[in-house]
Amino acid sequence: MAGLKTIIALSFVLAIGFLLVILSSALFGPNYFPLLVVATYVLAPLPNAICSQCATPNDFMDDTNGSGIVDLGKFLTGFFVVMGIALPAMLAHCGIIQIPAMIMSIIGGLLIYGTIISFTMFFQETEEF
Amino acid sequence: MSHPFRIRLPALPSQAVLRSTGVYISGGLFATAFYTFLDASIFSRVANGSSNVHITILDWLPLICSILGMLIINFIDKTHLSNDDSFSYSGGSGVMLKAKIVLFMGFALMAGGLAGSLAVLVLKYLVPGHPWPTLWLGVAGAVANGLVMASSSVLWVSQMGEGEYRYDLSL
């Protein structure tokens, strides 16, 4: 049951995630590269959503159309999720951001992505009815 | 349904779940490969100031070959490989042969990419005897090509048991 408490809790978690990412770029360095993590995790559920809409499960005569594009969406989603972890690690290894900034931005990005995923999970259940 | 054992083994997840998990893992492996090599090339320009050996187009070529091979392999419809199209509603005779030729080109590109990255690692970094932070540029190329190959094989394996799943959906 997705009540009001769930929405409030999810928005708190989302705000904490954004706070961690913004603090990681504002505290530790002169640049704002960790904000790319937010863009990555906002983009991450999009290919899955778009490609699952593009798949046409009802024309069962066409055998080759259906699940290829769904797999493309899943592939791109997996790419974006791992990219959200790999991007701060890469920046930290190259010395562009510092190690604590990397840790804070990874944790904040995972909080943001978890919020998005649980939000869609809660509200897909109510749409089904 | 009664079980003879006191402890039930956890049931394996269904084939659709396994399939989508495999596709997600494949995308993650591909992202790891790409960002490993991007890390090496940024590290070469930004952080590795002590040496004058840098990532050039020579280092990018094996990775480009591997990614092209992965694209070619996964664009092929796998149903053409298993049946010998005796009922020819999708292209007549020789589709299986064409699919196998294109698939061979894809595998050759991928293996060539891996071998090329190893050759670059040996000839450009190991033989001149560069120390470790420079040696990472070559190691990252080899690791990235291996990860692209792993990603492609995970995608291939998870797409193999595809027919029964779609059959279940369409009925």
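Residues numbered from 1 in each chain as written. Chains lettered and ligands numbered in written order. Predicted model: local features only at pLDDT ≥ 70, side-chain atom pairs only at ≥ 80, totals over all residues. Heavy atoms only, no water.

- For chain B, an unreviewed UniProt entry supplies the name Similar to UPF0220 protein C8D2.02c acc. no. O43073 and the organism Pyronema omphalodes.
- Quoted verbatim from the Subcellular location (unreviewed entry) field of UniProt, the annotation for chain B is "Membrane".
- According to UniProt, the comment filed for chain B under the heading Sequence similarities (unreviewed entry) is "Belongs to the UPF0220 family." (UniProt positions renumbered as here; feature names shortened; annotations may be inferred.)

- Chain A carries the name Similar to Vacuolar protein sorting-associated protein 55 acc. no. Q9UUH1 in an unreviewed UniProt entry, which gives Pyronema omphalodes as its organism.
- Checking UniProt for chain A, the heading Sequence similarities (unreviewed entry) contains the comment "Belongs to the OB-RGRP/VPS55 family."
- Check the Subcellular location (unreviewed entry) section of the UniProt entry for chain A; it says "Membrane".

## A look at empty space enclosed by the protein
- What the rule picks out here adds up to two cavities of 30 Å³ or more.
- In this structure, the largest cavity encloses a volume near 50 Å³.
- Lining the largest cavity are Phe37(B), Asp59(B), Pro62(B), Leu63(B), Ser117(B), Val120(B), Leu137(B), Gly138(B), Gly141(B) and Asn145(B).
- Elements supplying a minimum of two residues to the lining of the largest cavity: helix 2 (57-75), helix 4 (95-126) and helix 5 (132-158) of chain B.
- A per-element tally of the lining of the largest cavity places helix 5 of chain B first, with four residues.
- Grouping the constituent residues of the lining of the largest cavity by class yields five nonpolar, four polar and one charged.
- The calculated volume of the second largest cavity comes to roughly 30 Å³.
- Contributing to the lining of the second largest cavity are Ser24(A), Ser25(A), Phe28(A), Gly29(A), Asn31(A), Pro34(A), Ile96(A), Ile97(A), Gln98(A) and Ala101(A).
- Here the element with the most residues in the lining of the second largest cavity is helix 1 (residues 4-28) of chain A; it accounts for three residues.
- Among the residues making up the lining of the second largest cavity, the classes are represented as five nonpolar, five polar and no charged. (1 Å grid on protein atoms, 1.4 Å probe; cavity = no way out; pocket = protein on both sides within 12 Å on 5 of 7 lines; lining within 4 Å. Points joined across faces, edges and corners; volume = space filled by probe spheres on them. Helix = DSSP H or I, 4+ residues; strand = E, 2+ residues; numbered from the N terminus. Nonpolar A, V, L, I, M, F, W, Y, C, P; charged D, E, K, R; others polar.)

## A short note on the UniProt feature "transmembrane region" (unreviewed entry) in chain B
All names here are of chain B.
- UniProt tags residues 21-43, 55-76, 97-123 and 135-157 as "transmembrane region" (unreviewed entry).
- Secondary structure over residues 55-76 splits into 86% helix and 0% strand, and the C-alpha atoms at its two ends are 33 Å apart.
- Split by type, residues 135-157 is 100% helix and 0% strand. Its first and last C-alpha atoms lie 33 Å apart.

## A word on the environment of Ile101(B)
- Its place among the elements puts Ile101(B) in helix 4.
- Note: C-alpha distance between Ile101(B) and Gly22(B) (79 residues apart in sequence) is 26 Å.

## Some points on the interface of chain B and chain A
- Counting from both sides, the interface comprises 28 residues of chain B and, opposite them, 20 residues of chain A.
- Linking chain B with chain A are one salt bridge.
- Residue Arg19(B) pairs with Asp71(A) through a salt bridge whose shortest N-O separation is 2.8 Å.
- Our enumeration of links across chain B and chain A arrives at three residue pairs in polar contact (both at pLDDT 80 or more).
- Looking at the side of chain B that touches chain A, the elements with two or more residues in it are helix 1 (15-46), helix 5 and helix 6 (163-170) of chain B.
- Ranked by residues supplied to the side of chain B that touches chain A, first place goes to helix 1 of chain B with 17 residues. (Contact = heavy atoms within 4.5 Å. Salt bridge = Lys/Arg side-chain N within 4 Å of Asp/Glu carboxyl O. Polar contact = N/O pair within 3.5 Å; in protein donor to acceptor, adjacent residues only side chain to side chain.)

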